[in-house]
Amino acid sequence: MSNAPTTIQPPDAGHTAHRFFVIQELLGAPDLARFYTDLLINSPSTVTAVRERQGFSKSTAYKYANTLAELGVAEELDEYEDGSSLWRADPVSGDWTAQITLELGPAIIAVYGGTSVDDDLELFIDRHGKAALAPAVMATLTYLQGETTRRGVADELGIPAVEAITVTQAVERIIAVVKSHDPTLSGLTFEVDVHDRAIEQGPYQRADE
Amino acid sequence: MSEAHPSPFPTALILDTSFLRTIGGTGSTSYQTFIQYVREREIDLYLTPGVIEELAEQRGYISIDWVDRADTTAWINLIDTVQPGVRVHDGPRAGEMMDQVHERLAKFEQTDPNELRKTDSELPAAGVMLLGSTSHDSVGVLIDDRNAERAISGVIGNTYYEGRIRVLSIWDAIEYIES
């Protein structure tokens, strides 16, 4: 038996590690993140409804639903709509701390999910890399809280104004839909309303609106 | 803030980069609706020097070359420079308007005014210039930035230019045009 001191893990370490891997999985698979986000904002919903809204094939949609169930962030309910099972997704979030603390939650997962269908977001990460999208989301939140202009975001991120305008427009229409489902944004008050017409151009729509 | 009901619609419009981004290209319904309205009503469109500069570095995010179109059409106009000394009636000079918006934005952004770009503050100043140098009775600024709108509208308010330089939100404008 080793004499090395035993590291005692806090009781929720396993749960925290699990959330870390779930978030990592979602951030690395934009289509899965998009499926998760659509299910989250429209829960409960059938897999068929999600796939119709997001344009997935039947087999891909069920594969993603089962993946989310295995990850522990979605479950099939014992309820039905038009003969199909209803599913529910739950928000997943956590903090990543290095020099600063990044709060990762459904909004940032939704934006990464949006990169698979939004040309502007795709172009942005082509130019600046996937990691650049996280500060862009943070800066858009600052804009929505009424604390900077879109050109102020350009200065903050060190990018041309047109790129800042583009990325904040793309991100705000996602955040507007996801905000109420993201515990990391629950304390924020937005000064800027995102127009319904702008939201219609985004990748996510609430089925009840 | 911007006007929710932009009627009567101004006969001159200053287009911000954020508006040009949102309205899209020739395949977009918003673009087609806007251009058709502008042509039918003989509205003049203007691009400020700051916007022209941003369009030059737009790197694929705007599908229409608006500067090139300005060279080939009479109804899109490029403003080479904003003349700071222009004023209309007893309104502030264009340069004063620009400085006041710039100060508001610098305070708002908590940034050194010398480091803050002047594209937003140039928009109402260009409006003053158009009121002073053209036959237009009112000028609209079409922008998709609520926080910049607030700074611009705050400076225009209670001056001669209130109601003559009008900050219009893109979606309110488009919905008005569609109606």
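Cut-offs and rules
- Residues numbered from 1 in each chain as written.
- Chains lettered and ligands numbered in written order.
- Predicted model: local features only at pLDDT ≥ 70, side-chain atom pairs only at ≥ 80, totals over all residues.
- Helix = DSSP H or I, 4+ residues; strand = E, 2+ residues; numbered from the N terminus.
- Rg over C-alpha atoms; globule rule 2.2 N^0.38 Å.
- Buried ≥ 20, exposed ≤ 12 C-beta atoms within 10 Å, placed from the backbone.
- Contact = placed C-beta atoms within 7 Å.
- Domains from an automatic or database assignment.
- Nonpolar A, V, L, I, M, F, W, Y, C, P; charged D, E, K, R; others polar.
- Pairing = 2+ DSSP bridges.
- Expected span 1.5 Å × (residues − 1).
- Axes fitted to C-alpha atoms, helices over the stretch in contact; angles between N-to-C directions.

*Asks:* I'd love a proper account of the overall build of chain A, names of residues and values included.
*Replies:* Within chain A one finds ten helices and five strands. Computed over the C-alpha atoms, the radius of gyration of chain A is 18 Å, within 12% of the 17 Å expected from 2.2 N^0.38 for a compact globule of 209 residues. The buried share among the 209 residues of chain A stands at 43%. Across chain A, every contact between residues at least 6 apart in sequence was considered, and the portion connecting residues at least 24 apart equals 63%.

*Asks:* How would you explain the overall build of chain B if you had to name every residue and give the values?
*Replies:* Across its full length, chain B holds eight helices and five strands. In sequence order, the secondary structure elements of chain B are arranged as β-α-α-β-α-α-β-α-α-β-α-β-α. Computed over the C-alpha atoms, the radius of gyration of chain B is 15 Å, within 12% of the 16 Å expected from 2.2 N^0.38 for a compact globule of 179 residues. Along the three orthogonal principal directions, the C-alpha set of chain B runs to about 40 × 35 × 30 Å.

*Asks:* Describe in detail the domain arrangement of chain A, supporting the description with residues and values.
*Replies:* All names here are of chain A. Split into domains, chain A comes out as domain 1 (14–89) and domain 2 (95–200). Look at where the C-alpha atoms of domain 1 and domain 2 centre, and you get two points 22 Å apart. With eleven residues of domain 1 at the interface, the matching set in domain 2 holds 13 residues. Listing elements by their share of the side of domain 1 that touches domain 2, those giving two or more residues are α1 (13–27) and α2 (30–41). The leading source of residues in the side of domain 1 that touches domain 2 is α2, at eight residues. Residues of the side of domain 1 that touches domain 2, tallied by class, amount to eight nonpolar, one polar and two charged.

*Asks:* Requested: an account of the pairing of strand β4 (residues 94–97) of chain A, with residues and values cited.
*Replies:* For β4(A) and strand β5 (residues 101–104) of chain A, the ladder comprises four bridges, and the chain directions are antiparallel. Bridged to Asp95(A) within β5(A) is Glu103(A).

*Asks:* Break down helix α7 (residues 133–144) of chain A for me, with residues and values.
*Replies:* Side chains of residues three or four places apart in an α-helix project in the same direction, reflecting 3.6 residues per turn. Across its twelve residues, α7(A) extends 16 Å between first and last C-alpha, which sits within 8% of the 16 Å expected from 1.5 Å per residue. Restricting attention to buried positions, one finds in α7(A) the residues Leu133(A), Ala136(A), Val137(A), Ala139(A), Thr140(A), Leu141(A), Tyr143(A) and Leu144(A). The inward-facing, buried residues of α7(A) abut α5 (106–114), α6 (119–128), α8 (150–157) and α9 (161–178) of chain A together with α7 (146–156) of chain B.

*Asks:* Now, about the sheet that holds strand β3 (residues 76–78) of chain B: what can you tell me, with residues and values included?
*Replies:* All names here are of chain B. Spatial strand order, β3-β2-β1-β4-β5: five strands in an open sheet with parallel pairing. Edge positions in the open sheet fall to β3 and β5 (165–169), since each of these has one partner strand only. Direction aside, neighbouring strands of the sheet carry axes that sit 30° apart on average. Note that strand β1 (residues 12–15) and strand β2 (residues 44–47) share three bridges and pair parallel. When the sheet's bridge partners are listed, Leu13 is paired in β2 with Leu45. Those strands touched by helix α8 (residues 170–178) are β4 (139–143) and β5, and its axis lies near 90° from that of β5.

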